[in-house]
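# Analysis of the macromolecular model
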Amino acid sequence: MEIHKLQQLLSEMSLQEKIGQMVQLTGVYFDKEAVLTGVVGEQLPPEWVIQYAGSVLGVIGKEKICDIQSKYMEQHPHHIPLLFMADVIHGCRTIFPIPLGQACSFHPELVEKMAWHAAAESAAEGIKATFSPMMDVSRDPRWGRIMESFGEDPFLSGVMGTVMLRGYQKGNGNDQKGSREIPESGIAGCLKHFAGYGAVNAGREYNDVEISQRTYTMCSNFLFV
């Protein structure tokens, strides 16, 4: 969309619409068959937040996504579509080895190919973005999310993360280096948890992190190659 059209759209949007675009909700708020329990059921967001939400997490299935999308766009004042996102960590319909296992292969070309297949399947379902690759440098096997990482070596993590991102965003088998366009068979990737999250003390999720400036800098410098 041309910049002046975007500026015009932004000027016409209400404050609630703008706030809503920054909100991501789980799919249960859009699924009539979902049973809301616990905190999710007790603390429902205001109706306008659901009406104007910008993205949805955790919905899969082309028919379900299309149904939610059509109903959402009908009621949205400016017919802005929802962005469907998911944690496509090691495959969508076809399941590949976990990223930690992929790193053990020392085979970047194969990792890129796996990401490309995962993206093609995700795009076919209506998913536009994934929360992957995870770039944490993880050295404590007690941490439950270590399986999402490429392990303890910053350089290897940088190599594998780079090719995985390229595979997600490539699409159609065409090299998209330098391009900001994501092909229809590709999805947007997300270099997440940068940085230090994977170094939690005692491997306890969301625990504190004690890391020296030197170690932090070393890990940061080698994450992107």
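Residues numbered from 1 in each chain as written. Predicted model: local features only at pLDDT ≥ 70, side-chain atom pairs only at ≥ 80, totals over all residues. Heavy atoms only, no water.

### So, the sheet that holds strand S1 (residues 24–26)
Strands in a sheet are paired, the pairing made by backbone hydrogen bonds, and the direction either parallel or antiparallel. What the four strands build is an open sheet, ordered S1-S2-S3-S4; its pairing is parallel. If you trace the sheet from one side to the other, it starts and ends with S1 and strand S4 (129–130), each paired once. (Pairing = 2+ DSSP bridges. Helix = DSSP H or I, 4+ residues; strand = E, 2+ residues; numbered from the N terminus.)

### Quick word on helix H5 (residues 62–75)
Three- or four-residue spacings in an α-helix give side chains the same orientation, since the helix completes a turn every 3.6 residues. Here H5 is 14 residues long and its end C-alpha atoms lie 20 Å apart, about the 20 Å a rise of 1.5 Å per residue gives. Along H5, the residues that are buried comprise Ile65, Ile68, Gln69 and Tyr72. Buried residues in H5, looked at end-on, bunch into an arc of 100°, giving them a common side. Turned more than 90 degrees away from the buried face of H5, the exposed residues are Glu63 and Glu74. Those residues of H5 that are buried lie in contact with helix H4 (47–52), strand S3 (83–86) and helix H7 (108–125). (Expected span 1.5 Å × (residues − 1). Buried < 20%, exposed > 50% of the residue type's maximum accessible area, 1.4 Å probe, protein only. Arc of directions from axis to C-beta. Contact = heavy atoms within 4.5 Å.)

### What about the confidence of the model for the protein?
Across the protein, pLDDT averages 88, with 90% of residues at or above 70. Confidence, read as mean pLDDT per element, is least for helix H9 (residues 213–222) in the protein (73) and greatest for helix H6 (residues 99–105) (97). (pLDDT = per-residue confidence, 0-100.)

### A look at the pattern of salt bridges
In this structure the tally under the stated criterion is nine salt bridges. Glu112 is paired through a salt bridge with Arg166; the nearest N and O atoms lie 4.0 Å apart. With Glu112 in helix H7 and Arg166 in helix H8 (residues 154–170), this residue pair connects regions lying 54 residues apart in the sequence. Given a relative accessible area of 11%, Glu112 falls into the buried group. Linking Arg142 and Asp140 is a salt bridge whose minimum nitrogen-to-oxygen distance equals 2.9 Å. The class of Arg142 is exposed, set by a relative accessible area of 57%. Since its relative accessible area comes to 18%, Asp140 is described here as buried. Through salt bridges with shared partners, a single ionic network connects Asp87, Arg145, Glu148, Lys192 and Glu205. (Salt bridge = Lys/Arg side-chain N within 4 Å of Asp/Glu carboxyl O.)

### Topic: the pairing of S3
By the bridge criterion, three bridges tie strand S2 (residues 55–57) to S3 in an arrangement that is parallel. Bridge pairing in S3 places Val56 opposite Phe84. On the question of chirality, the crossover connecting S2 to the parallel S3 by way of H5 is right-handed. (Right-handed = clockwise from strand over helix to strand, strands pointing away.)

### Observations regarding the packing of aromatic side chains
The description of an aromatic ring pair rests on the distance of the ring centres and on the angle between the ring planes. Inspection of every chain in the model, using the stated rule, returns two aromatic pairs. Considering the side-chain rings of Trp143 and Tyr197, the 5.2 Å spacing of their centres and the 80° angle between planes classify their relative orientation as edge-to-face. Of the two residues, Trp143 sits in the loop between S4 and H8 while Tyr197 sits in the loop between H8 and H9, which places them 54 residues apart along the sequence. Classification of Tyr197 as buried rests on a relative accessible area of 14%. Taken together, the ring pairs connect Trp143, Tyr197 and Tyr206 into an aromatic cluster. (Phe/Tyr/Trp six-rings, centres within 6.5 Å; stacked < 30°, edge-to-face > 60°.)

### Details of the nonpolar core
In this structure, Leu25, Phe30, Leu82, Phe84 and Tyr168 are the most contacted members of the largest nonpolar core, which totals 32 residues. A total of six residues in this core trace back to one element, the largest contributor, which is H7. Setting aside its immediate chain neighbours within four residues, Leu25 contacts Phe30, Pro45, Val49, Ile50, Ala53, Ser55, Val56 and Leu57. Counting residues in each nonpolar core, the second largest holds five residues, with Met134, Ile146, Tyr197 and Val200 among its members. (Core = buried A, V, L, I, M, F, W, Y, C linked by side-chain atoms within 4.5 Å.)

### Some details on the environment of Val111
Relative to the assigned elements, Val111 resides in helix H7. A relative accessible area of 1% places Val111 in the buried class. Sequence separation of Val111 and His90 is 21 residues, and the distance between their C-alpha atoms is 9.8 Å.

### Quick notes on the environment of Lys128
Counting through the fold element by element, Lys128 comes out in the loop between H7 and S4. Sequence spacing of Lys128 and Gly196 is 68 residues, and the spatial spacing of their C-alpha atoms is 27 Å. The contacts of Lys128, once residues within four sequence positions are left out, are Leu83, Phe84, Ile187 and Ala188.

### A few points about the environment of Thr26
You can see Thr26 is positioned in strand S1. Judged by relative accessible area, Thr26 falls into the partly exposed class, the value being 35%. Distance in space between the C-alpha atoms of Thr26 and Val59 is 7.7 Å, their sequence separation being 33 residues. Every residue in contact with Thr26, bar those within four places of it in the chain, is listed here: Val56 and Leu57.

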